[in-house]
Amino acid sequence: MKTILISKSGSHKVDINKDESARVLILQIKNLIKPLVVDINLNGTNSNADIFNCFVGHQDIAQNLDIKINHNAHYTRANFCAKGIMKDHSKANFTGLIKVKRGSQNTDSFLEHRTLMLSDNAEISPIPSLQIDANEVRASHAATISNINEEDLFTLMSRGLNKLEAKNILIKSFLNDVIIKLPSNWQMKVLKLIS
Amino acid sequence: MAKTARRTFLKDYQFGFANEEKYFYREETGLNTGVVKSISAHKKENNYMKKIRLAALESYQNMPMPKWGGDLSKIDFDKLTYYIKPQKEKGRTWNEVPKDIKDTFDKLGVPQSEKRFLAGVGAQYESESVYHNLKKEWSDKGIIFEDTDTAFKKYPDIFKKYFGTVVSATDNKFAALNTAVWSGGTFIYVPKSVKMTIPLQNYFRINAKSMGQFERTLIIAEEGSSVHYIEGCTAPTNSLDSLHAAVVEIIAHKNSHIRYTTIQNWSNNVYNLVTKRAIAHEGATVEWIDGNLGSKLTMKYPAVYMVGKNAHADILSLAVASAGQDQDAGAKVVHLAPHTTSVITAKSISANGGKSSYRGLLQIAKRAKQSKSKVVCDALILDDQSSSDTYPTMKIQNNQSQVEHEATVSKIGEEQLFYLQSRGLNENDSNSLIVNGFLSPIIKQLPMEYAIELNRLIELQMEGSVG
């Protein structure tokens, strides 16, 4: 299985051929005003893509991610998972499209985008979309945006942690799904930013 | 199955009959200042409305055609008739309505439903309202239920206070067109604390070929009042395209409750481009129940702007796209005040090569603290020629709100089918049952008569594609 790392703006294309699997890791921690465009092309039967995206918005940075997952063949499968936090005055735009071409049957695709809004001055605009032209299909997406759950915070604080520690634990556990997929040098960068 | 699937929906469309086109007055085709002035003159309007119309015409002509959504390039605006007056005077009793028009609405079941379960009924034929009646017990309470032209003349103060305040003439190209040539529609005013327990209804019918219907609806619910309005629409099947471009403006004052139900069942030659928007003040609830079954192309996104705290929006959207149809439906909610909540449930079915899309907006502004919103879009896709798209846009500008969105596209589950068949149902019945179950969150919100009708329509539309 090949692994592809993406962290710079510009256009990126990932082609996945018959019976191949790829893991794509996308990190957004810097100011990326020019959009980061990723095209995932599932070109061959039985091709498979796992995409993980971690984003941290801080200070006054802006981030734009535009991802397209193209199911161009039968029995293709893709899973996209994005998790991130928005702090300070950061801004982020996300568009994520799952496209199933006519004639590409028996595909399975899922896209999720979850944001923890930590600052009142941050702004996020996720647009997940679906374009489905086949009927033997499972395609769905989900997006959530919220702050840290007050009850979770209360539980941890009632066990003797102070607010800052409790918050840090909750943020880390929220991001954990994607952080564990990242290479260790990226992990260090993210952990440094969030604590 | 492919063979039956090709049996077009046109054949099954039961409202496809047409009457002879004889009218009191028919405007020449095409649109120019002369036409707008003539419409205004026919309505014996004062300068106030004439000025609004002419200004809107100018902005209409200057605005570009929208490039997103469905294909609008095939509408021939010069061949449309923008105004048809079917009769000289509107009927107050059902007997005053001309016979052929009366027969049409009899076939559509309009007077029967009034007797059975409605508080008031209106009927619009081409550009003008032909019948409007509100039961006395409700008019005694101060409720105004009129066609919009009459309301403009009888209640100019209320009318001028609200007209164009929710959807301005420059809002979009088709709102401008509507403002320039609007005719007919419903005007409802519910006074303070009056609760309407039974619904009001207006029925819209296009009969002529290449006709443009531009009704304008204005609903105002004063503090603590409630109202439920239902509209239905049909047109004859025809090879020439017609256009329906309505504007609906709703103002829900403090703690009021408005429910607006649409069962849109235009024939397959109608472009349905409608702007529907509501403003919800403090504590008000606005519900849109939007059923899109017919038309060639529908582009309609009912919107609620929540400007007062604790306002609530509830939008149920249902779209069924069959052969040759493009249902570009959706919903918009904009949270502008704290503690506002909204729920959008959208369900769509694509069959026989039809295309359905959900296009929506969810915005939570900076001052809308502690707001909550949930958007759920589910789509069923029944054969390999059909398409289903989802484009939900979210814009979140504070950190004290909760937003959830999910969307799924799938076909009827093999396991569900197998299960039902193992209980002795045949494949067709199992399919119908699953489709009905899929739509039930919306159908169970409709008055019973409508729910039955809708179920039947969907079965007709789905015929040959499920099973």
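Residues numbered from 1 in each chain as written. Chains lettered and ligands numbered in written order. Predicted model: local features only at pLDDT ≥ 70, side-chain atom pairs only at ≥ 80, totals over all residues. Heavy atoms only, no water.

## Here's the deal with the packing of helix α3 (residues 33-42) of chain B against helix α4 (residues 47-62) of chain B
The relative placement of two packed helices comes down to the angle between their axes together with the axis-to-axis distance. Residue and element names in this part refer to chain B. Rules: In this analysis an axis means a line fitted to C-alpha atoms, helices contributing only their contacting stretch, and an angle means the value between N-to-C directions, from 0 to 180 degrees. Runs of E in the DSSP output that reach at least two residues are strands. Runs of H or I that reach at least four are helices, and both are numbered from the N terminus. Roughly parallel covers angles under 35 degrees, roughly antiparallel covers those over 145, roughly perpendicular covers 65 to 115, and oblique covers all other angles. Here a crossing is taken to be left-handed if its near helix is turned anticlockwise relative to the far helix by less than a right angle, and right-handed if that turn runs clockwise. Working rule for contacts: check all heavy atoms of both residues, and any pair within 4.5 Å makes them a contact. Gly falls in the polar group here, along with every residue not listed as nonpolar (Ala, Val, Leu, Ile, Met, Phe, Trp, Tyr, Cys, Pro) or charged (Asp, Glu, Lys, Arg).
As a packed pair, α3 and α4 sit with axes 10 Å apart at the nearest point and diverge in direction by 155 degrees. Considering the angle they form, α3 stands roughly antiparallel to α4. Between α3 and α4 lies a crossing whose hand is right-handed. Contacts between α3 and α4 pair T33, V36, K37, I39 and S40 from the former with K50, R53, L54 and L57 from the latter. Considering only residue class, the contact of α3 with α4 consists of 4 nonpolar, 2 polar and 3 charged.

## Digging into the interface of chain B and chain A
Threshold: Values labelled buried area give the accessible surface lost by two parts on being combined, using a 1.4 Å probe and summing over both. Here a salt bridge means any side-chain nitrogen of Lys or Arg lying within 4 Å of a carboxyl oxygen belonging to Asp or Glu. Polar contacts here mean pairs of N or O atoms no more than 3.5 Å apart (in protein, one a potential hydrogen donor and the other a potential acceptor; neighbouring residues in sequence count only if both atoms are side-chain atoms).
Listed by partner, the interface residues are 33 residues for chain B and 33 residues for chain A. Carbon and sulfur atoms supply 46% of the area buried between chain B and chain A, which totals about 2600 Å² over both sides. Three residues, M394, I396 and N399 of chain B, lead the burial of chain B against chain A; their summed loss comes to 22% of the area buried on that side. Across the chain B-chain A interface, the total number found is 2 salt bridges. In this structure, the salt-bridge partner of K369 of chain B is D120 of chain A, at a minimum N-O distance of 2.4 Å. The tally of links between chain B and chain A comes to 24 residue pairs in polar contact (both at pLDDT 80 or more). Listed by contribution, the elements that provide at least two residues to the side of chain B that touches chain A are β23 (387-396) and β24 (402-410) of chain B. Top contributing element to the side of chain B that touches chain A by residue count: β23 of chain B, with 10 residues. Tallied by class, the residues present in the side of chain B that touches chain A amount to 9 nonpolar, 15 polar and 9 charged.

## Quick look at the confidence of the model for chain B
Put simply, the rule reads: Here pLDDT means the predictor's own confidence in every residue, given as a number from 0 to 100.
For chain B, mean pLDDT is 87; residues scoring 70 or higher make up 94% of the total. The low-confidence segment residues 1-11 of chain B, where pLDDT is below 50, has 13 contacts with residues more than four positions distant or belonging to other chains.

## A short note on the side chain of S104 of chain A
Structurally, S104 of chain A can be placed in the loop between β8 (91-100) and β9 (107-117). A distance of 3.5 Å separates a polar side-chain atom of S104 of chain A from the backbone nitrogen of A73 of chain A.

## Regarding the pattern of salt bridges
Residues and elements named next belong to chain A. Just so we agree on the cut-off: We call a residue buried when its accessible area falls under 20% of the maximum for its residue type, exposed when it is over 50%, and partly exposed in between, using a 1.4 Å probe and counting protein chains only.
Applying the stated criterion to the full structure yields 28 salt bridges over all chains. Notably, a salt bridge pairs D108 with R138, separated by 3.4 Å at the nearest N-O pair. Placement of D108 in strand β9 and of R138 in strand β11 (residues 137-146) is noted, with a sequence separation of 30 residues between them. Note on D108: relative accessible area 27%, which makes it partly exposed.

## Considerations on the packing of aromatic side chains
All names here are of chain B. Keep this limit in mind: Centre distance within 6.5 Å is the pairing criterion for rings of Phe, Tyr and Trp, where only the six-membered ring of Trp is used; planes under 30 degrees apart are then read as stacked, over 60 as edge-to-face, and the remainder as tilted. Here, a charge over a ring means that NZ of Lys or CZ of Arg falls within 6 Å of the ring centre while also lying within 35 degrees of the ring normal.
Counted by the stated rule, this structure contains 13 aromatic pairs over all chains. With centroids separated by 5.8 Å and ring planes inclined at 45 degrees, the aromatic side chains of W68 and Y301 adopt a geometry described as tilted. On the criterion of sequence distance, the pair formed by W68 in the loop between α4 and β2 (84-85) and Y301 in the loop between β16 (297-300) and β17 (303-306) is long-range, its members being 233 residues apart. Residue classification places Y301 among the buried positions, given a relative accessible area of 12%. A ring pair is formed by F159 and F163, whose centres lie 4.9 Å apart and whose planes are at 20 degrees; its orientation type is stacked. With respect to burial, F159 and F163 carry one shared label: buried. Each residue in the set Y48, F152, F159, F163, W182 and F187 is aromatic and connected to the rest through ring pairs, giving one cluster. In this structure, K160 packs its charged tip against the face of Y48, placed 4.4 Å from the ring centre.

## Some details on the nonpolar core
Our working rule: In plain words, nonpolar cores are sets of buried Ala, Val, Leu, Ile, Met, Phe, Trp, Tyr and Cys residues tied together by side-chain atoms within 4.5 Å.
Of all hydrophobic cores here, the largest spans 133 residues; its most connected members are I40 of chain A together with F105 of chain B. Broken down by element, this core gets its largest block of residues, 6 residues, from helix α12 (residues 427-443) of chain B.

## Digging into the pairing of strand β3 (residues 120-125) of chain B
Residues and elements named next belong to chain B. As a reminder, the rule being used: Criterion used throughout: strands pair if DSSP finds at least two bridges between them.
A large share of β3 lies buried, amounting to 6 of its 6 residues. What you see with β3 is no split at all: G120, G122 and Q124 on one side and V121, A123 and Y125 on the other are buried throughout. Pairing of β3 with strand β4 (residues 128-134), which is carried by 6 bridges, proceeds in the antiparallel orientation. Looking at the pairing, V121 lines up with N133 of β4. In textbook terms, the turn of a hairpin is the stretch between consecutive antiparallel strands, and for β3 and β4 this stretch comprises 2 residues, one of which, E126, has a positive phi near 55 degrees.

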